[in-house]
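Structure at a glance
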Amino acid sequence: MALLSVEDVRVEFGGIVALADLTFTIEAGTVCALIGPNGAGKTTLFNCVSRLYEPTSGRIVFDGVDLLDRPAHAIARLGIARTFQNLALFPALTVVENVMVGAHSRGGTSRARRAEALRILERLSLAHLAHRPAAGLPYGTLKRIEIARALAASPRLLCLDEPAAGLTHSEVDELARLVRELRDELDLTVLLVEHHMAMVMSISDKIVVLDFGSKIAEGPPAQIRSDPRVIEAYLGTPA
Amino acid sequence: MSRTGETAPGVTARPAGAGGAARVPRPAGPAGRNPAWLVTSLVLSVLGAYFFVYYVPQNYAPSRVDLFTEALFVGLAATGLNILTGFNGQVSIGHGAFFGLGAYVTALMMDDRAYVEFAGREWGLGDGVPFLATLPVVAVVCLVVGALIGFPALRVKGLYLALVTLGLAVLFPDLTKRFVRGTGGTNLVGLRGADLAPPDWYDWFPDVIADPLDDYVGARDQWAYYVALVLVGLLLLAVHLIARSRFGRALIAVRDHEAAAETVGIDLARVKVSAFALSAAYAGLAGSLSVLVARQANAGRVETFQLSIEFLVALVVGGTATVFGPMIGGFLVVFFRDWIDQQQRLEDLFDSSARAKLLSPAIFGIGLIVMMFFLPDGIVGGSRRAWRRVTRRRSHPIT
């Protein structure tokens, strides 16, 4: 059964259509990548799932609950966590406190929350930075701290918005391995927006391709790779 | 879980430590586990306790003790402002209004003559209620009023919020003139000596309270000081606990990144309104304390505005989003103002003390600019940086 189903979601900013009646589903336990040229509407969809944007019409159903009925701060409790394309950490807090804030929607004592946060940091090889302020750490590290913060909510659906952007080649390989491992260990479903095609092709079970707010293709990596419409969207029409 | 030994990809790119020294192993825990820090803070707190609990009230003249009490309540109001502005990022230049509200509620409850004229009726609010009994009422009233103002404040941010709160400071004195009937029908609620006398049980501590005449009405200044000291101690402890709590982290998260805070499940409206309410309660209790020193509640337009600015200055000078910063700032602001007012040389220069006093805000302003230039993160932030530099150099000499 689909864990997340996006049904005819339409987003308009003034006269501009950012998402034109987008429909797709994500099966539980899979990695689904959302790709497309810049401005295709990928992050817009993320922001609809997070309830930061209000769709003009459509439904987003997560495990039987229509997300659009819920306020933004209630989404985390349903089991959806995300990272941001441009870092969105809390610079004044220490690394471990950032992760603890990630568990805001969960119950438990501060002590348990801290222990859990430290466990997650250790899993992501960040434990040695736990008590440093987030401000001033290198970019790649901050991106992993964001993943740690998202994991602290014990999500069922993890949404990663361009996690590989700005990372070195070896960091990207490490990230791809991490995402697959986390999915298996934590029984996660992953929605991924990413421009790094090697990574997308290697870890995705399904790819949804957007162009100008519309879905132009959907399917497993092998099929997407050879889809003429996808090639056209990325490379332009042959002269 | 077995990969902890591996070098993490993001970490290998980390630049070497300060001064180009080879990778410096830094203490992993928070600063509290540093032994040098522990010893220093222990010595400082013993000395501080002796000075504030015994030396000040037992050795200084009443006017001096009153100055310390004033520093405590200005610091307390700044501490309240810190919850809102420092931790939560909502700027208010209207906290003089909450301060005034607290002062009025306390004074109206204690005084038997003053009343509030509202909806064609006279509301006495109480006759001769003991000071301490007014505090819970002030806390509740200011929590409610703070929350009521916090709701519309959800719609405005930054500079606009500052202007809206400034409106509060401007509006409040007019409201008191309209509704409060105090001494001689004005909005001044004056209290008599007997109202401000310490309660009977205060005499149970004869050794602490030097009162040679055995006339504890005369110990008003000491009583006021001790009340302020205890209340400030409790409320600072509360801030310390809040800063380390789930709510405290939520305050900072909302300040640092609203969208991210919302996606981790923080209810922005609830956190912001709570911050406003709590902050107003602190300022209101500070206002209650002011009644013990000023012997009256009286909101002038200039004074309410000036107080609001002083709270903000105390907060910024002391250090925003720290526990003790605003209190240190409160002491600096009050004693600096007092010091300027006492300068004989200025009086000679300007022929009169009245004219010299006019200059005090200007000197105050210059001092503030200089201060912000050298210590942009306030006294506490600046000392933290200095301390870190000293300890790092000592424990890890560059070879």
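Computed from a prediction, not measured in an experiment: that's the story for all the values here. (Residues numbered from 1 in each chain as written. Chains lettered and ligands numbered in written order. Predicted model: local features only at pLDDT ≥ 70, side-chain atom pairs only at ≥ 80, totals over all residues.)

**A look at the overall build of chain B**
This is how it is decided: Helix and strand assignments come from DSSP, with helices taken as H or I runs of at least 4 residues and strands as E runs of at least 2, each series counted from the N terminus. Counting other C-beta atoms within 10 Å of a residue's C-beta gives its exposure: the residue is buried at 20 or more, exposed at 12 or fewer, and partly exposed in between, where C-beta atoms are placed from the backbone. What counts as a contact is two residues whose backbone-derived C-beta atoms lie within 7 Å of each other.
Helix and strand counts for chain B stand at 16 helices and five strands. Residues counted as buried form 39% of the 399 residues belonging to chain B. Counting contacts in chain B only where the partners sit at least 6 residues apart, residues at least 24 apart contribute 75% of the total.

**Points about the interface of chain A and chain B**
Often the size quoted for an interface is simply the accessible area lost on bringing the parts together. If you look at the interface, chain A gives 37 residues, while chain B gives 31 residues. Counting residues per element, the ones that place at least two in the side of chain A that touches chain B are helix H2 (75–78), helix H3 (95–102), helix H4 (110–123), helix H5 (139–151) and helix H6 (169–186) of chain A.

**So, the nonpolar core**
Which entries qualify depends on this criterion: Under the definition applied here, buried Ala, Val, Leu, Ile, Met, Phe, Trp, Tyr and Cys residues are grouped into a nonpolar core through C-beta atoms within 7 Å. A domain assignment, automatic or from a database, supplies the domain bounds used here.
Residues Leu121(A), Ala148(A), Ala77(B) and Ala107(B) are the most contacted members of the largest nonpolar core, which totals 172 residues. Here this core spans two domains, and each of domain 1 (2–79 + 155–235) and domain 2 (95–152) of chain A adds at least three residues to it. Beyond its immediate stretch of four places on either side in the chain, Ala107(B) contacts Ala114(B), Val189(B), Leu191(B), Val291(B), Gln296(B) and Ala297(B).

**Here we look at unusual backbone geometry**
Non-glycine residue Ser125(A) carries a positive phi angle of around 55°. Within the secondary structure layout, Ser125(A) lies in the loop between H4 and H5. With 21 C-beta atoms counted inside 10 Å, the residue Ser125(A) sits in the buried group. Residues other than glycine seldom take positive phi values, yet Leu125(B) does so here, at roughly 65°. Among the structural elements, Leu125(B) can be located in the loop between strand E2 (121–123) and helix H5 (131–153).

**Some words on the sheet that holds strand E1 (residues 115–118) of chain B**
Residues and elements named next belong to chain B. So the rule is basically this: Each pair of strands is called paired provided DSSP finds at least two bridges between the two strands.
The three strands lie next to each other as E2-E1-E3, forming an open sheet whose pairing is antiparallel. Every other strand in the sheet has two partners, leaving E2 and strand E3 (180–181) as the edge strands with one partner each. The pairing of E1 with E3 spans two bridges and is antiparallel. Bridge pairing in E3 links Val 116 to Val 180.

**Quick look at the domain arrangement of chain A**
Residues and elements named next belong to chain A. Threshold: Side-chain classes follow a simple rule in which Ala, Val, Leu, Ile, Met, Phe, Trp, Tyr, Cys and Pro form the nonpolar group, Asp, Glu, Lys and Arg form the charged group, and the remainder, Gly included, forms the polar group.
According to the domain assignment, chain A contains domain 1 (2–79 + 155–235) and domain 2 (95–152). Taking the mean C-alpha position of each, domain 1 and domain 2 sit 24 Å from one another. With eight residues of domain 1 at the contact, the number on the domain 2 side is six residues. Class assignment for the residues of the side of domain 1 that touches domain 2 results in five nonpolar, one polar and two charged.

**Examining the confidence of the model for chain B**
Low-confidence regions, as indicated by low pLDDT, have predicted coordinates that should not be scrutinised in detail. Residues and elements named next belong to chain B. To be explicit about the condition: Scored from 0 to 100, pLDDT records how confident the predictor is in each individual residue.
Of the residues in chain B, 81% reach a pLDDT of 70 or more, and the chain-wide mean stands at 83. Confidence scores differ between elements of chain B, with helix H1 (residues 9–12) showing the lowest mean pLDDT of 37 and helix H11 (residues 268–294) the highest of 97. In the model, residues 1–29 has pLDDT below 50 throughout and makes 35 contacts with residues more than four positions away in sequence or in other chains. The model gives residues 395–399 a pLDDT under 50, and that stretch makes three contacts with residues more than four places away or in other chains. Here the complex is predicted with pTM 0.87, and the ipTM for its interfaces comes to 0.92.

**A look at the environment of Leu38(B)**
Residue and element names in this part refer to chain B. On the secondary structure map, Leu 38 appears in helix H2 (residues 35–59). Leu 38 sits in the exposed class, given 12 other C-beta atoms within 10 Å. Measuring from C-alpha to C-alpha, the distance between Leu 38 and Ile 266 comes to 35 Å, with 228 residues separating the pair along the chain.

**A word on the pairing of strand E1 (residues 2–13) of chain A**
Residue and element names in this part refer to chain A. Where E1 meets strand E2 (residues 16–27), eight bridges bridge the pair, whose relative direction is antiparallel. By the bridge assignment for E2, Leu 4 is matched with Ile 26. Between the end of E1 and the start of E2, which pair antiparallel, lie two residues, with Gly 14 showing a positive phi angle near 60°. The pairing of E1 with strand E4 (residues 57–62) spans five bridges and is classified as antiparallel. Its bridge partner lying in E4, Val 6 is registered against Ile 60.

**A short note on H5(B)**
Residues and elements named next belong to chain B. Condition: The span you would expect from a helix comes to 1.5 Å times its residue count less one.
An ideal rise of 1.5 Å per residue puts 33 Å on 23 residues; H5 measures up with 32 Å between its terminal C-alpha atoms. Along H5, the residues that are buried comprise Phe 131, Thr 134, Val 138, Ala 139, Cys 142, Val 145, Gly 146, Ile 149, Gly 150 and Ala 153. Those residues of H5 hidden inside the fold are in contact with helix H4 (95–110), helix H6 (158–179) and H11.

**Regarding the sheet that holds strand E10 (residues 214–219) of chain A**
Residues and elements named next belong to chain A. In plain terms, the rule: Axis lines are fitted to C-alpha atoms, over the contacting stretch for helices. Their N-to-C directions set the angle, which ranges from 0 to 180 degrees.
Pairing is mixed in the open sheet, where six strands are placed in the order E6-E7-E8-E3-E9-E10. Each edge of the open sheet is held by one strand with a lone partner, namely strand E6 (80–82) and E10. Geometrically, the sheet is characterised by an average inter-axis angle of 15° between neighbouring strands, direction not taken into account. Bridging between strand E3 (residues 31–35) and strand E9 (residues 206–211) involves four bridges; their strand directions are parallel. The partner of Leu 34 across the bridge, within E9, is Val 208.

**Quick notes on the packing of H3(A) against H4(A)**
Residue and element names in this part refer to chain A. Note the following rule: For classification, angles of less than 35 degrees are called roughly parallel, those exceeding 145 degrees roughly antiparallel, those between 65 and 115 degrees roughly perpendicular, and all remaining angles oblique. In this scheme the crossing of two helices becomes right-handed for a clockwise turn of the near helix relative to the far one and left-handed for an anticlockwise turn of less than a right angle.
For the pair H3 and H4, the least separation of the axes is 9 Å and the interaxial angle reads 110°. When the interaxial angle is binned, H3 and H4 end up roughly perpendicular. Crossing geometry of H3 relative to H4 is assigned as right-handed. Between H3 and H4, the residues in contact are Val 95, Val 96, Val 99 and Met 100 and Arg 113, Arg 114, Ala 117, Leu 118, Ile 120 and Leu 121, respectively.

**Some points on the environment of Val170(B)**
Mapped onto the elements, Val170(B) comes out in helix H6. Once residues lying within four places of it in the same chain are set aside, the contact partners of Val170(B) are Arg301(B) and Phe305(B).

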